[in-house]
Amino acid sequence: MTEDKKKPEMPNIMSEASILGPEWIGLFQSPVEFKSEHFEGAMENLIKQPNINSTVILRADILIENKYDYTESEPKLSNFKSELADQKPDIPTTSENEVIIEKNLDDIDLRSIPLALKSRPKVEIVRRIVPRNPFKDAIINQTCLVLELKDEGEEQFDSTLIVYNPHIDDSEDCPFYLPGVQAVGILYRKGTLSLHYLPFGYEDPQNIQNFKELDPSDRNIRIAFRLLQTARKHSTGVMQGYQKRVKHDLVVSKVSFQDRYITLKKKYSKDLVDNWVESTDPRKHVFEDIAIAAFLIELWSKIYKSKDEFEFRDLGCGNGLLVHILITEGYKGIGIDARARKSWKIYPEEVQSRLKEQVIIPSVLLRPHPAVKNLAPHLTDNGRVFQVPVSNGSKFIRDGGVDVPVVAYYSSASLLQSSNVNTAQFPKNTFIIGNHSDELTCWVPLLGYPFLVIPCCSHALSGARVRYPSKRIARKEGEKTSFGASTYAALVDHVEDIAKEVGWKVEREMLRIPSTRNAALIGYQKEKAHAKIKSVYDMLVLEGGAEGWVENTMALTKKAPRNH
């Protein structure tokens, strides 16, 4: 005899009639400690970020926003209408067979709902909800209201109601990421938070009764419970003073990035995940590099007039996935890494030919110093010889009863002539990519080309591991002052400082990628007048030199690649 499937633990649906009116169904309620202003602040944020409530949703574009101020004798209205209100989402498709699903996007008029309590609007919004996969789930418009309520006979508006009202007319048109109802109401009233549904066809009492008889495991009921819990959690967070410290979308707009990401994900993700040949997790690497590609494409469209105006160099390109996407999208460039990867062979020949197995040794470490060059113009190298330990099963050989280290000798002249060495001297129209490029991270801003660098592991200019001191930023927490900065934050700050010291105007962006190492530093404009360090050689001195870089770099070819 089989046991009955255990039902999810969830409060009972409210037995009494909804205070919002006979057309509404009250589902859940919970006593809370926060106040109306905390609830309102949290919910305005959730209105603008519906992805917090559902992982199926990518974002919301605010089309219309009206705000009412009742502090004066006469209400004041301020309104906003986005240029997006009269446009359809500009999500590129890769073939005529791809169709973006949408419902009633021309309908941008505010919708109203029946209410038994006296109300006045505080905020009225029409937002456009864009799902992560608009080829599967519909893009819709939705009215969102922040209403102040008061009971009959009371003078003060002391309750707040949030209303979500999609611009659709029946449950069959309702996208999967929303409950199948005409409207959702989340009410804060006298220390209690409650959630209410307005069913489609609410004029018919039978439709209301049908909802009341739903099993708690029904999807619509589960969504209601989750909406209530999210509203409670975020309102409590506002009460406790939580503030989000990370700001996104400072360099590239969220809309353009996410629309590009949707297109690239649809085009590349399945094939890349299904044919992954590395030992690493394909889901992390594929979606991360698709997002970085989307960001780069939108960044480049902002700073260049066309794809023919520049070329890219991806230094430390690893599995070459980012290079593959960018070249397939029509950009010109090369990926360089000290070790080839299995993945390289699965890409088209056009991409394979643009992936180079080379070590990066900046020319300043091999060429004569400019002062020496002026005195002896015929010199082409600095005359140095580098010793690199060789592992041939043993680090030593026996010579006359003495263990002698096995080393390889490389001269600057030979390295400059080697096809396996890249001195980072590129065409003037080059854009450098340093995507988690480890040892190369601090070098990227010093090479003299526009760049995007995403720091990962902390290394000095010598290639050695290093932990940079953090900029200890004070943060007040109540009456106390605490200090905190991670090792990663210290690395990002240090790379930014290096870039600024040599004259780059640096922009910082926290990328929307599945990685905690998601800080991107971008430099494409020089501010020579603000450069404190006029020469790379001076920066090398300031940073303690780069002694050991050549040896550490040449030794990389003998090591297994890192899994990131």
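Residues numbered from 1 in each chain as written. Predicted model: local features only at pLDDT ≥ 70, side-chain atom pairs only at ≥ 80, totals over all residues. Heavy atoms only, no water.

**Quick word on the overall build of the protein**
- Broken down by element type, the protein carries 12 helices and 24 strands.
- Residues classed as buried in the protein amount to 49% of the 564 residues present.
- Element-wise, carbon and sulfur atoms account for 48% of the exposed surface of the protein, whose accessible area totals about 28900 Å². (Helix = DSSP H or I, 4+ residues; strand = E, 2+ residues; numbered from the N terminus. Buried < 20%, exposed > 50% of the residue type's maximum accessible area, 1.4 Å probe, protein only. Areas by Shrake-Rupley, 256 points an atom, 1.4 Å probe, with all protein chains shown as cover.)

**Re the pairing of strand S5 (residues 118–131)**
- Bridging between strand S2 (residues 57–69) and S5 involves nine bridges; their strand directions are antiparallel. Across the sheet, the residue bridging to Ile 62 is Arg 127, located in S5. (Pairing = 2+ DSSP bridges.)

**Concerning the side chain of Glu 329**
- Residue placement: Glu 329 occurs in the loop between helix H6 (321–328) and strand S11 (333–337).
- Given the relative accessible area of 15%, Glu 329 is considered buried.
- Polar side-chain contacts of Glu 329 include one of 2.6 Å to the side chain of Tyr 268.
- Filtering out sequence-adjacent residues up to four positions away, Glu 329 remains in contact with Leu 264, Lys 267, Tyr 268, Ile 297 and Lys 307. (Polar contact = N/O pair within 3.5 Å; in protein donor to acceptor, adjacent residues only side chain to side chain. Contact = heavy atoms within 4.5 Å.)

**With respect to helix H4 (residues 254–274)**
- If you check H4, its first and last C-alpha atoms are 29 Å apart, about what 21 residues at 1.5 Å a residue would give, namely 30 Å.
- The largest bend along H4 reaches roughly 45 degrees and is located at Tyr 268.
- Within H4 the residues assigned to the buried category are Lys 254, Phe 257, Gln 258, Asp 259, Tyr 261, Ile 262, Thr 263, Leu 264, Lys 265, Tyr 268, Ser 269 and Leu 272.
- Each element contacted by the buried residues of H4 is listed here: S2, S5, helix H5 (282–303) and H6. (Expected span 1.5 Å × (residues − 1). Bend = angle between axes of the 7 residues up to and from the residue.)

**Remarks on the pairing of S11**
- With respect to burial, S11 is a largely interior element, five of its five residues being buried.
- Burial of S11 is two-sided: the residues Gly 333, Gly 335 and Asp 337 facing one way and the residues Ile 334 and Ile 336 facing the other way are all buried.
- Alignment of strand S10 (residues 311–315) against S11, held across four bridges, turns out to be parallel. Bridging from a neighbouring strand, Leu 315 pairs with Ile 336 of S11.
- Viewed along the sheet, the connection from S10 through H6 into S11 turns out right-handed.
- Taken together, the three bridges between S11 and strand S12 (residues 355–357) define a ladder with parallel strand orientation. Considered in S12, the bridge of Ile 336 is made with Lys 356. (Right-handed = clockwise from strand over helix to strand, strands pointing away.)

**Let's talk about the nonpolar core**
- Of all hydrophobic cores here, the largest spans 50 residues; its most connected members are Leu 315, Ile 361, Leu 415 and Trp 443.
- Sorting elements by how many residues they give to this core places helix H10 (residues 487–501) first, with six residues.
- Not counting chain neighbours up to four residues away, the residues in contact with Leu 315 comprise Ile 336, Ile 360, Phe 426, Ile 432, Ile 433, Gly 434, Ser 437, Leu 440 and Leu 447.
- Counting 42 residues, the second-largest nonpolar core is a separate cluster that includes Tyr 261, Ala 293, Phe 312 and Leu 511. (Core = buried A, V, L, I, M, F, W, Y, C linked by side-chain atoms within 4.5 Å.)

**Some details on the sheet that holds strand S24 (residues 519–526)**
- Pairing in this open sheet of seven strands is mixed, and the strands run S12-S11-S10-S19-S20-S24-S23 from one edge to the other. Of all strands in the sheet, those bounded by a partner on one side alone are S12 and strand S23 (504–510). Between one strand axis and the next, the sheet turns through 20 degrees on average, direction left out of account.
- With four bridges connecting them, strand S19 (residues 430–435) and strand S20 (residues 451–454) associate as parallel partners. Bridged to Ile 433 within S20 is Leu 452. (Axes fitted to C-alpha atoms, helices over the stretch in contact; angles between N-to-C directions.)

**Quick word on the side chain of Ser 235**
- Along the polypeptide, Ser 235 turns up in helix H3 (residues 219–239).
- What makes Ser 235 buried here is its relative accessible area of 0%.
- A polar contact is formed between the side chain of Ser 235 and the backbone oxygen of Ala 231, at a distance of 2.7 Å.
- Once residues lying within four places of it in the same chain are set aside, the contact partners of Ser 235 are Phe 34, His 38, Phe 39 and Ala 42.

**A word on the packing of aromatic side chains**
- In this structure the tally under the stated criterion is 14 aromatic pairs.
- Seen from their ring centres, Phe 28 and Phe 225 are 5.5 Å apart, and the 70 degrees between their planes marks the pair as edge-to-face. Of this pair, Phe 28 sits in strand S1 (residues 25–31) while Phe 225 sits in helix H3; the two residues are 197 residues apart in sequence, bridging distant segments of the chain.
- Exposure remark for Phe 28: the relative accessible area of 1% places this residue in the buried category.
- Both rings, one in Trp 300 and one in Phe 431, keep their centres 5.6 Å apart while their planes meet at 80 degrees; by these two values the pair is edge-to-face. Within this pair, whereas Trp 300 is found in helix H5, its partner Phe 431 is found in strand S19, the two being separated by 131 residues in sequence. (Phe/Tyr/Trp six-rings, centres within 6.5 Å; stacked < 30°, edge-to-face > 60°.)

**Examining the environment of Ser 306**
- Residue position: Ser 306 is located in the loop between H5 and S10.
- The class of Ser 306 is partly exposed, set by a relative accessible area of 37%.
- Sequence separation of Ser 306 and Tyr 331 is 25 residues, and the distance between their C-alpha atoms is 9.6 Å.

**Considerations on the pattern of salt bridges**
- Taken as a whole and judged by the stated rule, the model has 29 salt bridges.
- Among the ionic pairs, Glu 98 bridges to Lys 266, the shortest N-O distance being 3.3 Å. With Glu 98 in the loop between strand S3 (76–81) and strand S4 (102–103) and Lys 266 in helix H4, the pair connects residues that are 168 residues apart, well separated along the chain.
- What makes Lys 266 partly exposed here is its relative accessible area of 41%.
- One salt bridge in this structure joins Lys 103 and Asp 173, with 3.5 Å as the shortest N-O distance. One end of the pair, Lys 103, is in strand S4; the other, Asp 173, is in the loop between strand S7 (159–166) and strand S8 (183–189), with 70 residues separating them in the sequence.
- Judged by its relative accessible area of 26%, Lys 103 is partly exposed.
- Each member of the salt-bridge network shares a partner with another, and the members are Glu 40, Arg 120, Lys 122 and Glu 148. (Salt bridge = Lys/Arg side-chain N within 4 Å of Asp/Glu carboxyl O.)

Bear in mind that shape data such as this cannot, by itself, settle questions of function.
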